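One-letter residues, chain by chain:
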Amino acid sequence: MSRSRTVSSLASRNTLRSPGRTAVLFLLLTAAIVGRSTAALAVQGLCHKATAAVEGEALLGATNCTIFFPGVSYNAKAIQPYFTRTLGRTYLAQQGFWNALAERYWGPGGLVTVLRPGPLYRDSRASAKVQCPPSALAKGIEGRYPAAPDEVAVPAPLASEAGLKVGSRLELLPVAGGAPATFTVTGIYIPRGSGPFHESALVSAATPEQGDEVNFFVVRLDEGAVGRLLSGRDPASVEVVTYADPVESMELLARAAYGAKAAVAETGVSLAGVVVLVVLLVAFIERRREVTVYKMVGMDGASILRVLATELAVILVTADAVAAPVYRLVATRLVLDGQAAASGTALWSPFLTSVLWTAAVVALGASYPLALTSVATAGQLSSGSRIYLIRRRQLLRGWTDDDLPR
Amino acid sequence: MMPLVQLGLVNALRNSGRSLLTVVAMAVAAFLATSSITASEGHTPQRAWEYRSYLGGDILVYPQWVWPTEGDISVAAESGGVRLVRLRPSFGSPLYYFHPDFYSRGYLTPDPDGAPKYSMFDTPADMAETLEALELVDGVTAVVPYTCVPVIRGEVRAAGRGGKTVALPLDGFFLRACPPNLLEGTSPEQAGELGLAEPQRDPPPTVTVSRAAGQTFGEVATWHGGVYTPSQAGSRFLREDDAGRLVAVVNRRALIGRQDLGTTTVLLGSEGQKVRLTLPRIVTAPDGRAHYDFAHPVEVEVNLVGVYDVASRVHAWVQGDTVIYEQLYLEAPEILMPRPALERVLGLMGLPPGGLEPAGALVLRVENQLKVERVVEEVRQSVPGLSAVSVAEEAAFANAHGLPEKTYVCPQRRRPFLSSQPVVPAAKQGLFGLTLFAFAGIAAAGNATLVVLSRRTEFAVLKAVGLRSWEVALMVMVELLTLGSLGLAAGFAAGEAAVLPVRLANTAAAGTLARDVLRDLGLVAAATLGTSALAALVPMARSLRITVAEAMRGDE
């Protein structure tokens, strides 16, 4: 019989003949793998569920930023070269890009902005001019959109706060000073997205003298573009507000909230390593005679190590094999709420990670007892004397004359 | 019986290696178990005391989802409707300086009405109900609403460069009710460590400490932190007897933060400085809801009698062999008034008697900081719709993000900055505590098992010389428990020592202290010594079944 076959046969026989120890390790490892995989899947699912609960947009379409030039206005076509230079050519093609002439007033709750929709130029030809629709801001409206400059549509949250209804008169105080302006509320609109600016953005109609003048833009910008826009400008001359992505924010929040659970699951699995260490240490003490016999019949430390490692590997592989269907059952019945797993990757990636993690933990836990077994001599084992991985005397004092071979 | 006990002790002494291992294993287990229990202890009275002093308490109760818990997120995941909202600049709250990103980038909340606008409560009844619930929480001694109103316009005169008078704008400031602990004349017992600090001259912007010369910051720092009135003729803080008089003090650092103005002195005569403030009108609906109307403002004249500074913390950075310390100030743009005076102002703004006051947060005072985190947990349970956090935690979060103070001297690259919405992983302490307990139990049980199993031959010999099984078991148990108790004492003492400064610093009553320590000891002993004794029983029973012949043959 070849050496490897002898080792395998010894390992299998030992595994089968020690049902108690095998059962303890098997159950422990199976529970650890299933527990960790399920916890990871649950945390992953919770994060996914949390992000699904978020209203996906803060502003219009894919935009994330508002730019306001207080006190000035620009021709919508003439400002294009500046924007193209500063923000890049892609800004014009953005979904949800919108502009207006904005006026600031003191009103209910604080500063309110009256937006008079402006024109968009998709290219340098005047024929590509498109008027920004007021309906872009709304999911629905009670009443109608304003048709005259002294009419406004009010966002529903503001109307609820200030007790405004269709037909109400609304007096606003210009921030720049001057006489109060009075508007008639013609509509109460439900803002699109969850953008906070909608809570204080009143929509009105363009004035005859407004023409192509605009000073308020809703765009999508990255941090670099915001930096370019602000560099060289007096901060008072431009107001750039960038909104966080709600879905990304929720993902971060959910990860942080459930992260503790995941960390505890990881720590819990580490317990398996400690228990493996304890079980193997106990087994080592119980199996001293067995290892002595192995050494006496000529097996070297490495071979004995292979026998013991193979025993452990057999138990680990069996635990993996049994844990897989158990995990699938638990995951589909309890965690995924009876639904069949939509994606194999989503279901099995936590399991595979757990298998690797458990193998690493077991290897770590087994390293000390296995190392003791391999370095011990038959004499030490049979006489019950102490076994050192490193001789203290050598470690502390170095070699002495007594240690030299005679 | 006694000879058996003696034999157990002699065995423990003779086999020093094994005994030492047992003691160390038990000590580690006891330390882990003790740490898991004491992890939820509070803080020392010095922790974040400058912020607590300015806020007037130890716990902040905020609107929904400012500090969401894991439970909040789970509930929202089921019901949906979470959205990003932005706080209005007119919403006065500690959020203004602890979480300024909530006002600029926004934060997530499932509140169907969006972010709070006028007050964190909808109606006076809601507010009264919450206050009542919080006052019933064990350990809470006072609940103070963080009441403040926005200032639309106003200006204060100060001495500028070359003796010129400059007008400093108060636009965007808040009028806030002064917390009772800061009023001059409040008894030291009532104010505790949160009282007003002594007046002092301006400390230097930075101090440099040479590490090479062995200097320490304590040797060069000659000033103190906290809320104080800078030494300036005519300036004073608010007094208890100011009551309903329209007097106020302003945060000087919020005014002079713009260093290009070159001023540090607000002009105050012997009678103070009269300041006209434009404030929004308060409009109250029949159902008790209220909102600000900025389109129809009111003007109020208050008498500015003093200025104050909040020297909150020192920011340090290393430069070569030296450490540079910069004193930072909380530049909260707030004008403090006595609460009765602010109530008068609210009346002038249109708030009817019994109307909803604009509260941006609630500040809770607790008996001491010792149990503050446990009280926070109870507060979360009693007002589930709101967020609760200890000021110590809030300050730690803000400081880690380079907030709430502005840094002027420290180079940009040495300043921390990371903006995000905080979250409370509610299960962290409980689950980690449980895990540590499990570790401790396994370590103790494993050790006990090993100690028994390695001595089977010895047991057989003892039986051969006439000892009965129960006598051997008693002897081993005495040895195990003696060594275990030593380890327990060492580990428990080390674990408790870690929280001793917190307990002693809070000057808790001796009886409370003793009760807490004994309770901890009982739990740790059960988790370690108890587990150890139980775990030893099974292998012992198995070992005691071995006969002398089997032992001599080595047939294990």
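Everything quoted here is computed from the prediction, not taken from an experiment. (Residues numbered from 1 in each chain as written. Chains lettered and ligands numbered in written order. Predicted model: local features only at pLDDT ≥ 70, side-chain atom pairs only at ≥ 80, totals over all residues. Heavy atoms only, no water.)

**Topic: the overall build of chain A**
- Of the regular secondary structure elements, chain A holds 11 helices and 14 strands.
- Per-residue burial for chain A yields a buried fraction of 47% across its 406 residues.
- In chain A, the share of contacts with a sequence separation of at least 24, taken over all contacts with a separation of at least 6, comes to 77%.
- Here chain A has roughly 19,300 Å² of accessible surface; of this, 60% comes from carbon and sulfur atoms. (Helix = DSSP H or I, 4+ residues; strand = E, 2+ residues; numbered from the N terminus. Buried < 20%, exposed > 50% of the residue type's maximum accessible area, 1.4 Å probe, protein only. Contact = heavy atoms within 4.5 Å. Areas by Shrake-Rupley, 256 points an atom, 1.4 Å probe, with all protein chains shown as cover.)

**Comments concerning the overall build of chain B**
- Helix and strand counts for chain B stand at 18 helices and 17 strands.
- In summary, chain B has a C-alpha radius of gyration of 31 Å against a globular reference of 24 Å for 556 residues, an excess of more than 25%.
- By principal-axis analysis of the C-alpha atoms, chain B measures approximately 105 × 65 × 45 Å.
- Considering chain B as a whole, with its 556 residues, one finds that 55% of them fall into the buried category.
- In chain B, the proportion of contacts linking residues at least 24 apart, taken out of those at least 6 apart, comes to 80%.
- A total accessible area of about 23,000 Å² is found for chain B, and carbon and sulfur atoms account for 59% of it.
- Distance between charge centroids for chain B: 5 Å, based on 48 positive and 55 negative side chains. (Rg over C-alpha atoms; globule rule 2.2 N^0.38 Å. Lys, Arg positive; Asp, Glu negative; His and termini not counted. Charge placed at Lys NZ, Arg CZ, Asp CG, Glu CD.)

**Notes on the sheet that holds strand β11 (residues 265-266) of chain B**
Residues and elements named next belong to chain B.
- What the 3 strands build is an open sheet, ordered β6-β5-β11; its pairing is antiparallel. Here the strands that pair on one side only, and so sit at the sheet edges, are β6 (165-169) and β11.
- Where strand β5 (residues 155-159) meets β11, 2 bridges bridge the pair, whose relative direction is antiparallel. Paired with alanine 159 across the strands is threonine 265, a residue of β11. (Pairing = 2+ DSSP bridges.)

**Quick notes on the pattern of salt bridges**
Residue and element names in this part refer to chain B.
- If you walk through the whole model with that rule in mind, you get 27 salt bridges over all chains.
- The residue arginine 252 makes a salt bridge to aspartate 202 at a minimum N-O spacing of 2.6 Å. Of this pair, arginine 252 sits in helix α10 (residues 252-256) while aspartate 202 sits in the loop between α8 (188-191) and β8 (206-210), and the two are 50 residues apart along the sequence.
- Linking arginine 468 and glutamate 471 is a salt bridge whose minimum nitrogen-to-oxygen distance equals 3.2 Å.
- Residue class for glutamate 471 comes out buried when judged on its relative accessible area of 13%. (Salt bridge = Lys/Arg side-chain N within 4 Å of Asp/Glu carboxyl O.)

**What about the confidence of the model for chain A?**
Residues and elements named next belong to chain A.
- Of all residues in chain A, 82% have pLDDT values of 70 or greater, and the mean over the chain is 80.
- When pLDDT is averaged over each helix and strand of chain A, the minimum, 45, is found for helix α11 (residues 392-397) and the maximum, 95, for strand β9 (residues 169-174).
- Here residues 393-406 is a poorly scored stretch, pLDDT under 50, and it has 6 contacts once near neighbours within four places are set aside; other chains count. (pLDDT = per-residue confidence, 0-100.)

**Describing the packing of aromatic side chains**
- The final tally for this structure, using the stated rule, is 20 aromatic pairs over all chains.
- Ring centres of Tyr327(A) and Phe351(A) lie 5.4 Å apart, and the angle between their planes is 25°; on these two criteria the pair is classed as stacked. Of this pair, Tyr327(A) sits in helix α8 (residues 301-335) while Phe351(A) sits in helix α9 (residues 344-375); the two residues are 24 residues apart in sequence, bridging distant segments of the chain.
- On the basis of relative accessibility, which here comes to 0%, the residue Tyr327(A) falls in the buried class.
- Phe351(A) gets classed as buried once you look at its relative accessible area, which sits at 6%.
- Plain terms: the ring middles of Tyr51(B) and Phe98(B) are 6.0 Å apart, the flat faces sit at 55° to each other, and that makes the pair tilted. (Phe/Tyr/Trp six-rings, centres within 6.5 Å; stacked < 30°, edge-to-face > 60°.)

**Quick look at the packing of helix α2 (residues 19-52) of chain A against α8(A)**
All names here are of chain A.
- α8 packs onto α2 with a crossing angle of 40° between their chain directions and a minimal axis gap of 8 Å. Between α2 and α8, the interaxial angle falls into the category oblique. Two packed elements cross with a definite hand, and for α2 against α8 that hand is right-handed.
- For the contact of α2 with α8, the residue count by class is 18 nonpolar, 5 polar and 3 charged. (Axes fitted to C-alpha atoms, helices over the stretch in contact; angles between N-to-C directions. Parallel < 35°, antiparallel > 145°, perpendicular 65-115°, else oblique. Left-handed = near helix turned anticlockwise from the far one by under 90°. Nonpolar A, V, L, I, M, F, W, Y, C, P; charged D, E, K, R; others polar.)

**Quick notes on the state of the cysteines**
- Counted under the stated rule, the structure contains 0 disulfides over all chains.
- Unpaired in this structure, Cys178(B) has its nearest cysteine sulfur neighbour in Cys148(B), at a distance of 13 Å. (Disulfide = S-S within 2.5 Å.)

**A word on helix α5 (residues 223-230) of chain A**
All names here are of chain A.
- Ala225, Val226 and Leu229 are the residues of α5 that are buried. The buried residues of α5 occupy an angular sector of 100° when projected down its axis, which confines them to one face.
- Where the residues of α5 are buried, they touch β1 (65-68), α3 (80-87) and β14 (239-242).
- A positive backbone phi angle near 80° is found at glycine 232, which sits one or two residues after α5. (Arc of directions from axis to C-beta.)

**Side note on a nonpolar patch on the surface**
- On the surface, a nonpolar cluster with roughly 320 Å² of combined accessible area is contributed by Val293(A), Met296(A) and Val297(A).
- Within the secondary structure, Val297(A) sits in the loop between α7 (288-296) and α8. (Patch = residues over 30% accessible without salt bridge, like charges linked within 9 Å, V, L, I, M, F, W, Y side chains within 5 Å.)

**Thoughts on the confidence of the model for chain B**
- A residue-level look at chain B finds 91% of positions with pLDDT of 70 or above and a mean pLDDT of 85.
- Interface confidence for the predicted complex, expressed as ipTM, amounts to 0.76; the pTM equals 0.79.

**With respect to the pairing of strand β13 (residues 290-319) of chain B**
Residues and elements named next belong to chain B.
- By the criterion of burial, β13 is predominantly enclosed, with 22 of the 30 residues buried.
- Where strand β9 (residues 226-228) meets β13, 3 bridges bridge the pair, whose relative direction is antiparallel. Bridging from a neighbouring strand, glycine 226 pairs with alanine 311 of β13.
- Across 5 bridges, strand β10 (residues 247-251) lies against β13 in parallel orientation. By the bridge assignment for β13, asparagine 251 is matched with tyrosine 308.
- With 11 bridges joining them, strand β12 (residues 273-284) and β13 adopt antiparallel strand pairing. What sits directly across from valine 283, in β13, is histidine 291.
- Counting the residues that bridge the hairpin from β12 to β13 gives 5 residues, and of these glycine 288 lies at a positive phi of roughly 95°.
- Where β13 lies against strand β14 (residues 322-329), 8 bridges are found, and the strand directions are antiparallel. Residue pairing across strands places valine 318 opposite valine 323, the latter belonging to β14.

**Observations regarding the environment of Ala32(A)**
- Mapped onto the fold, Ala32(A) is located in helix α2.
- Distance in space between the C-alpha atoms of Ala32(A) and Glu209(A) is 74 Å, their sequence separation being 177 residues.

**Describing unusual backbone geometry**
Residues and elements named next belong to chain B.
- Leucine 403 connects to proline 404 through a cis peptide bond whose omega is 5°.
- By the element assignment, proline 404 lies in the loop between α13 (391-400) and α14 (428-453).
- The residue tryptophan 65 is not glycine, and still its phi comes out positive at about 70°.
- Mapped onto the elements, tryptophan 65 comes out in the loop between β1 (59-62) and α4 (70-79).

**What to know about the pairing of strand β4 (residues 140-150) of chain B**
All names here are of chain B.
- Counted residue by residue, β4 has 9 buried out of 11 residues, so it is predominantly covered.
- Bridge count between β4 and strand β16 (residues 359-366): 6 bridges; the pairing is antiparallel. By the bridge assignment for β16, valine 144 is matched with valine 363.
- Here β4 pairs with strand β7 (residues 174-177) via 3 bridges, running antiparallel. Of the residues in β7, the one forming a bridge with cysteine 148 is arginine 176.

**What to know about the side chain of Thr207(A)**
All names here are of chain A.
- With respect to the helices and strands, threonine 207 occurs in the loop between β11 (201-204) and β12 (213-214).
- Take threonine 207: its relative accessible area is 16%, and that puts it in the buried class.
- Dropping the residues within four chain positions of it, threonine 207 is found in contact with Arg116 and Pro149.

**Section: the environment of Arg380(B)**
Residues and elements named next belong to chain B.
- You can see arginine 380 is positioned in helix α12 (residues 372-382).
- As for arginine 380 and threonine 512, which are separated by 132 residues in sequence, their C-alpha atoms are 24 Å apart.
- Excluding its chain neighbours within four sequence positions, the residues that come into contact with arginine 380 are Thr69, Ala388, Val389 and Val424.
- Among the polar contacts made by the side chain of arginine 380, one reaches the main-chain carbonyl oxygen of alanine 388 at a distance of 2.9 Å. (Polar contact = N/O pair within 3.5 Å; in protein donor to acceptor, adjacent residues only side chain to side chain.)

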